[in-house]
Amino acid sequence: MDIFILLGTLFLCFGIGMPISYSLGLGALVGALWIGIPPEAVMLKISDGVSKVAMLTIPFFVLAGAIMAEGGMARRLVRFANVIVGLVRVRGGLSAVNILATTFLSGISGSSVADVSAIGSVLIPQMEKVGYPRPFATNVTISASVQAILVPPSHNAVIYSLATGGTISIISLFMAGVVPGLLLGASLVALVVFMGYRNGHPTGESVPLKDAVKISIEAMWGLITVIIIIAGILLGIFTAIEAGAVACIWAFCVTMFVYRDYRWKDLPGLVHRTLKTVAMVLTLIAMASSFGYVMALMQMPATITKFFLTISNDKYVILMLINFMLLVLGCLMDM
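Residues numbered from 1 in each chain as written. Predicted model: local features only at pLDDT ≥ 70, side-chain atom pairs only at ≥ 80, totals over all residues. Heavy atoms only, no water.

A. Region of interest: the overall build of the chain. When helices and strands are counted, the chain shows 16 helices and zero strands. Taking 335 residues into account, the globule formula puts the C-alpha radius of gyration at 20 Å, and the chain, at 22 Å, falls close to it. C-alpha atoms of the chain, sized along the principal axes, occupy 70 × 45 × 40 Å. Split into buried and exposed, the 335 residues of the chain put 43% on the buried side. Across the chain, the fraction of contacts at a sequence separation of at least 24, relative to all contacts at a separation of at least 6, is 74%. Total accessible area on the chain is roughly 17,100 Å²; 71% of this is exposed by carbon and sulfur atoms. Put simply, the chain has 19 plus and 14 minus side-chain charges, and the middle of one group is 9 Å from the middle of the other. (Helix = DSSP H or I, 4+ residues; strand = E, 2+ residues; numbered from the N terminus. Rg over C-alpha atoms; globule rule 2.2 N^0.38 Å. Buried < 20%, exposed > 50% of the residue type's maximum accessible area, 1.4 Å probe, protein only. Contact = heavy atoms within 4.5 Å. Areas by Shrake-Rupley, 256 points an atom, 1.4 Å probe, with all protein chains shown as cover. Lys, Arg positive; Asp, Glu negative; His and termini not counted. Charge placed at Lys NZ, Arg CZ, Asp CG, Glu CD.)

The following block contains the structure:
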């Protein structure tokens, strides 16, 4: 009965259109009152959910991604990806450019939302202009942005590390995501090229050598960010938090002093938008922390585990069930 009260409140809030973070918080509060836990305990867990130094990784990388997206770095990465894809001139080339550019930006922003807004604003209109269906262009952009969840500096990896109480380090999760992220990108490229030949999509255009050299040099400033983040963490020069701070400084310097496409008067607006994003994410994490606390008191994880084990003891079947559960929850909840 306890579980039904907790989940019932949560899904009722979802049903009436309440924001997910507040739905989690209200569900935790109702569940705590049902089992006789004082509301103060829930409030403390909400506070504890974001009272972790490792959380600084998120605002740093969100800000770095925002600077790169709006300061011209994302646009230059798109042009660089176009140079690479133009060497082979395959059908569906612009789709492959979309995915490759997202791969580059994912290694900088760590956020699918940042990737979609930065790459999508440039490439979706461009793909539509040359003859791609708009739904296809949009879906390619969204699917490619999933790479940001896997490759470092993934915000989700940071949250996962915090959810496990730090028993799995952020650096280990970062490194574990590199190969799956690149495999996802390569698989998506193969798929869009296949669809390009099947559906007769436009062929990628080659870039003149002189322009290709210029574009590559400009894009290198952005790609150096990826090297700074990954090499710095792997070599132990700085932590994941410090990597985020360094990425912010580097992105700011490149945008304002190298590219010089961005106006100083626009910076306050960029910081304001970043703060809104960070506040939304951290509120969600804080509320989820209290919801998880009440779930633990109700022994819901143990109940779910016991239910899975009644179906099968095979580890692959259990992994499939967990992934199915995450798929269902992922339709309703972020991160």
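Now that the structure has been shown, we can carry on.
B. Molecular detail of helix α12 (residues 209-234). For α12, built from 26 residues, the straight-helix expectation of 38 Å at 1.5 Å per residue is met to within 8% by its first-to-last C-alpha distance of 35 Å. A maximum bend of about 40° is found in α12 at tryptophan 221. Against the buried residues of α12 lie α4 (57-70), α5 (73-86), α6 (93-109), α11 (170-199) and α13 (240-259). Glycine 236 occupies a position one or two residues after α12 and carries a positive phi of about 75°. (Expected span 1.5 Å × (residues − 1). Bend = angle between axes of the 7 residues up to and from the residue.)

C. Summary view of the nonpolar core. Of all hydrophobic cores here, the largest spans 67 residues; its most connected members are Ile58, Val97, Phe136 and Phe174. Setting aside chain neighbours within four positions, we find phenylalanine 174 in contact with Pro152, Pro153, Ser154, Ala157, Val158, Ile233 and Ala240. Listed in part, the 16 residues of the second largest apolar core include Leu24, Ala28, Ala32 and Val42. (Core = buried A, V, L, I, M, F, W, Y, C linked by side-chain atoms within 4.5 Å.)

D. Geometry of the pattern of salt bridges. Using the criterion set out here, one finds two salt bridges in the structure. Ionic pairing is found between arginine 134 and glutamate 128, a salt bridge with its closest N-O pair at 2.7 Å. Judged by its relative accessible area of 43%, arginine 134 is partly exposed. Judged by relative accessible area, which is 36%, glutamate 128 ranks as partly exposed. In this structure, arginine 263 and aspartate 266 form a salt bridge, with 3.0 Å as the shortest nitrogen-oxygen distance. Classification of aspartate 266 by relative accessible area gives partly exposed; the value is 24%. (Salt bridge = Lys/Arg side-chain N within 4 Å of Asp/Glu carboxyl O.)

E. The packing of aromatic side chains, seen in detail. Inspection of the entire model under this criterion finds six aromatic pairs. Note on tyrosine 132 and phenylalanine 136: the rings are 6.1 Å apart at their centroids and 5° apart in plane angle, and the pair reads as stacked. By relative accessible area, tyrosine 132 is classed as buried at 3%. Plain terms: the ring middles of phenylalanine 252 and tryptophan 264 are 5.7 Å apart, the flat faces sit at 75° to each other, and that makes the pair edge-to-face. (Phe/Tyr/Trp six-rings, centres within 6.5 Å; stacked < 30°, edge-to-face > 60°.)

F. How the structure looks around the environment of serine 187. Residue placement: serine 187 occurs in helix α11. For serine 187, a relative accessible area of 47% puts it in the partly exposed group.

G. Local environment of the packing of α5 against α6. α6 packs onto α5 with a crossing angle of 130° between their chain directions and a minimal axis gap of 8 Å. Taken as axis vectors, α5 and α6 run oblique relative to one another. As α5 packs across α6, the resulting crossing turns out to be right-handed. Of α6, the residues touching α5 (which contributes Ala74, Leu77, Val78, Phe80, Ala81, Asn82, Ile84 and Val85) are Gly93, Leu94, Ala96, Val97, Leu100, Ala101, Phe104, Leu105 and Ile108. Residue classes in the contact of α5 with α6 are distributed as 15 nonpolar, two polar and no charged. (Axes fitted to C-alpha atoms, helices over the stretch in contact; angles between N-to-C directions. Parallel < 35°, antiparallel > 145°, perpendicular 65-115°, else oblique. Left-handed = near helix turned anticlockwise from the far one by under 90°. Nonpolar A, V, L, I, M, F, W, Y, C, P; charged D, E, K, R; others polar.)

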